[in-house]
Amino acid sequence: MKVGLVEKPGSLRVMEREAPKIQKPDDVLIAVKRVGICGSDMHIFHGKNPFATYPRVWGHEFVGEVIEAGAEAGVAVGDHVVAEPISYCGTCYACKQGRGNVCTQLKVLGVHVDGGCQQFVVLPSKQVHKIAADIPWDTACLIEPFTIGAQSCLRGAVRPGDVVLIYGAGTIGLTILQNAKLAGAITIITDLVDDKLAFAASIGADYTINAKNENTYDRVMEITNGMGANVTIDAVCTKQSFEDAVKVTSAAGRVVEMSFNETPSNIAAFELTKKELDVRGSRLQTNRFPTVIDAFNQHQLKLDGFITAIYPISRMEEAFAYVDANGATVRKVLIDMETE
Ligand SMILES: [Zn+2]
Ligand SMILES: [Zn+2]
């Protein structure tokens, strides 16, 4: 079978490897159909992911068809499935709170262990979720990114009628937007690129702000009659965006951070106390797959235009180069594992 590797930072390679076999009764052998390239895969490629080790089969966003299933796997041959890329210990403090996404022993497919860019993969059944067979493979590959948006809305405790401000109309910002809309929120989204804001508006953003031309704080206060956003979700992830988020969020509101930025932000404790703000991190996802799969199965999301390009596995290097060259406008680039 063909396998796509990041051999070491800056070096990609497609190679032949023996296909894996089922070992345990809850194992599932999957013929991988599509793999999505994520910003974090680009970080692994560029040697900027502190958790990655090399060489690594990349890919944490992938879907495929069950080829063989162990007796206790709970899925059947022919089922269409999406992979849940995280595994965790189940016994540490975070796991006991039902938050395996921040487990001390967390392992992410394609980061700590080999991922989905291989034509066949074996996963334990708890990392395999069945999806409706009428969802096209390309579309199904968006399920994992949408779980990331769902997690940030969960962490922000987004409720119907809440004003949700999203910093950044990139792929993650767009998945947050749609999850917030599903939850019944009024959404405001910012970016520096008009085309990205236009796309956000076309899939349901109630207000868009180009932060290059407009003052985000002033616009949000105008839209909300001085209240501020009830939930601010930061997918821009700079020192400044965290500071701005705290200022623009309303009393009793929530600030959700998705940043791995290590530069300290200047935030006065007073801002948090005065408004009794909750500041929460959002990392990966926990138990979001069933909810997001439901939304996909019931066609509740606007997914047209999300896929920017699809490359066969043999042209994997070109796909990465394309993402590098078009970072500002790429939404999702996929690798087609069926076509060599
Ligand atoms: Zn991703
Ligand atoms: Zn744990």
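Everything below is about the structure shown above.
Residues numbered from 1 in each chain as written. Chains lettered and ligands numbered in written order. Predicted model: local features only at pLDDT ≥ 70, side-chain atom pairs only at ≥ 80, totals over all residues. Heavy atoms only, no water.

1. Describing the overall build of the protein
Counted only if it meets this: A run of DSSP states H or I qualifies as a helix once it reaches four residues; a run of E qualifies as a strand once it reaches two. Both are numbered from the N-terminal end. Each residue's exposure class comes from its accessible area (1.4 Å probe, protein chains only) as a fraction of the maximum for that residue type: buried when under 20%, exposed when over 50%, partly exposed otherwise. Throughout, a residue-residue contact means that at least one pair of heavy atoms, one from each residue, lies within 4.5 Å. In this description, accessible areas are obtained by the Shrake-Rupley approach with a 1.4 Å probe, and a residue is regarded as covered only by the protein chains that are shown.
Helix and strand counts for the protein come out as 11 helices and 18 strands. Once the C-alpha set of the protein is aligned to its principal axes, its extents read approximately 60 × 45 × 40 Å. When burial is assessed residue by residue, the protein has 52% of its 340 residues classed as buried. For the protein, restricting intrachain contacts to residue pairs at least 6 apart in sequence, the fraction spanning at least 24 positions comes to 68%. Counting only carbon and sulfur atoms, one obtains 50% of the accessible surface of the protein, whose full area is about 14800 Å².

2. Details of the coordination of the zinc ion (ligand 1)
Under perfect tetrahedral coordination by four donors, a metal shows angles of 109.5 degrees; under perfect octahedral coordination by six donors, it shows angles of 90 or 180 degrees. Applied cut-off: Note on donors: an N, O or S atom is included if it sits within 2.8 Å of the metal, or within 3.2 Å for Na, K and Ca, and water is never included, so sites can look incomplete.
Here the zinc ion (ligand 1) is held by the protein donor atoms C38 (SG), H60 (NE2) and E61 (OE), which lie 2.1 to 2.4 Å from it. In terms of primary sequence, the donors binding the zinc ion (ligand 1) are separated according to C-x21-H-E. Here C38, found in the loop between strand 3 (27–37) and helix 1 (39–45), pairs with E61, found in strand 5 (residues 61–69); they are 23 residues apart in sequence, far enough to count as distant. Given a relative accessible area of 15%, C38 falls into the buried group. Using a relative accessible area of 1% as the deciding quantity, one classes E61 as buried.

3. Focus on the coordination of the zinc ion (ligand 2)
Going by this rule: Labels for metal geometry use angle windows, namely 85 to 135 degrees for all angles of a four-donor tetrahedral site, and for square planar (four donors) or octahedral (six donors) sites opposite donors over 155 degrees apart plus all others within 65 to 115; sites meeting none of these are irregular.
Distances from the zinc ion (ligand 2) to its protein donors, C89 (SG), C92 (SG), C95 (SG) and C103 (SG), fall within 2.3 to 2.4 Å. Around the zinc ion (ligand 2) sit four donor atoms; with metal-centred angles ranging over 102 to 117°, the donor geometry is tetrahedral. Within one chain, the residues serving as donors to the zinc ion (ligand 2) are arranged as C-x2-C-x2-C-x7-C.

4. Re the sheet that holds strand 1 (residues 2–8)
Keep this limit in mind: For two strands to count as paired, DSSP must find a minimum of two bridges between them. Here the axes come from fitting lines to C-alpha atoms, over the contacting stretch only for helices, and the angles between their N-to-C directions go from 0 to 180 degrees.
Reading across the sheet, the three strands line up as 2-1-4 and stay open at both edges, with antiparallel pairing between neighbours. Two strands lie at the open edges of the sheet, namely strand 2 (11–16) and strand 4 (56–57), each paired on one side alone. Where strand 1 lies against strand 4, two bridges are found, and the strand directions are antiparallel. Residue pairing across strands places L5 opposite V57, the latter belonging to strand 4. Sitting on the sheet, helix 11 (residues 316–325) touches strand 1 and strand 2, and the angle it makes with strand 2 is about 155°.

5. A closer look at the packing of aromatic side chains
Which entries qualify depends on this criterion: Pairing of aromatic rings covers Phe, Tyr and the six-membered ring of Trp, with a centre-to-centre limit of 6.5 Å; geometry is then stacked below 30 degrees between planes, edge-to-face above 60, and tilted otherwise. Look at NZ for Lys and CZ for Arg. If either is within 6 Å of the ring centre and within 35 degrees of the ring normal, a charge sits over the ring.
Per the stated rule, a full pass over the model turns up seven aromatic pairs. A centroid spacing of 5.7 Å and a plane angle of 70° characterise the contact between F199 and F306, whose relative ring orientation is edge-to-face. Here the residue F199 occupies a position in helix 6 (residues 194–202), and F306 occupies one in the loop between helix 10 (289–297) and strand 17 (307–312), the gap between them amounting to 107 residues. The residues F199 and F306 share a single accessibility class, namely buried. Taken together, the ring pairs in this structure connect F146, F199, F296 and F306 into an aromatic cluster. Over the face of the ring belonging to F51 we find R283, whose NZ or CZ atom lies 5.0 Å from the ring centre. Across from the ring centre of F199, 3.6 Å away, lies the NZ or CZ of R331, which sits over that ring.

6. Things to note about helix 11
Put simply, the rule reads: Taken from the helix axis, the directions to the C-beta atoms give the arc we talk about.
Listed as buried for helix 11 are M316, A319, F320 and V323. On an axial view of helix 11, the arc spanned by its buried residues comes to 95°, and they lie on one face. Pointing more than 90 degrees away from the buried face of helix 11 are the exposed residues E317 and A325. Where helix 11 is buried, its residues touch strand 1, strand 2, strand 3, helix 1, strand 17 and strand 18 (332–336).

7. A few points about empty space enclosed by the protein
Selection criterion: A cavity, in this analysis, means grid points on a 1 Å lattice covering only the protein atoms where a 1.4 Å probe fits yet has no way out; a pocket is instead an open set bounded by protein on both sides within 12 Å along at least five of seven lines, and a residue lines either one if it has an atom within 4 Å of a point. Grid points are joined across faces, edges and corners, and a volume is the space filled by probe spheres set on the points. Three classes are used, and their members are as follows: Ala, Val, Leu, Ile, Met, Phe, Trp, Tyr, Cys and Pro are nonpolar, Asp, Glu, Lys and Arg are charged, and the others, Gly among them, are polar.
Summed over all chains, the structure comprises one cavity of 30 Å³ or more. The computed volume of the largest cavity comes to approximately 50 Å³. Considering the residues around the largest cavity, the lining is formed by A169, G170, T171, L174, K196, F199, A328, T329, V330 and R331. When grouped by side-chain class, the residues that make up the lining of the largest cavity number five nonpolar, three polar and two charged.

8. Some points on the state of the cysteines
We count it as follows: Any two cysteine sulfur atoms within 2.5 Å of one another count as a disulfide.
The full count for this structure, using the stated rule, is zero disulfides. Unpaired in this structure, C141 has its nearest cysteine sulfur neighbour in C117, at a distance of 11 Å.

9. Here we look at the nonpolar core
For clarity, the cut-off: Among buried residues, the Ala, Val, Leu, Ile, Met, Phe, Trp, Tyr and Cys ones that are joined through side-chain atoms within 4.5 Å form a nonpolar core.
Of all hydrophobic cores here, the largest spans 46 residues; its most connected members are I37, W58, F62, M316, F320, V333 and I335. Excluding residues that lie within four positions of it along the chain, V333 makes contacts with V35, G36, I37, T308, A309, Y311, A319, Y322 and V323. With 41 residues, the next largest nonpolar core counts V82, C141, V164 and F199 among its residues.

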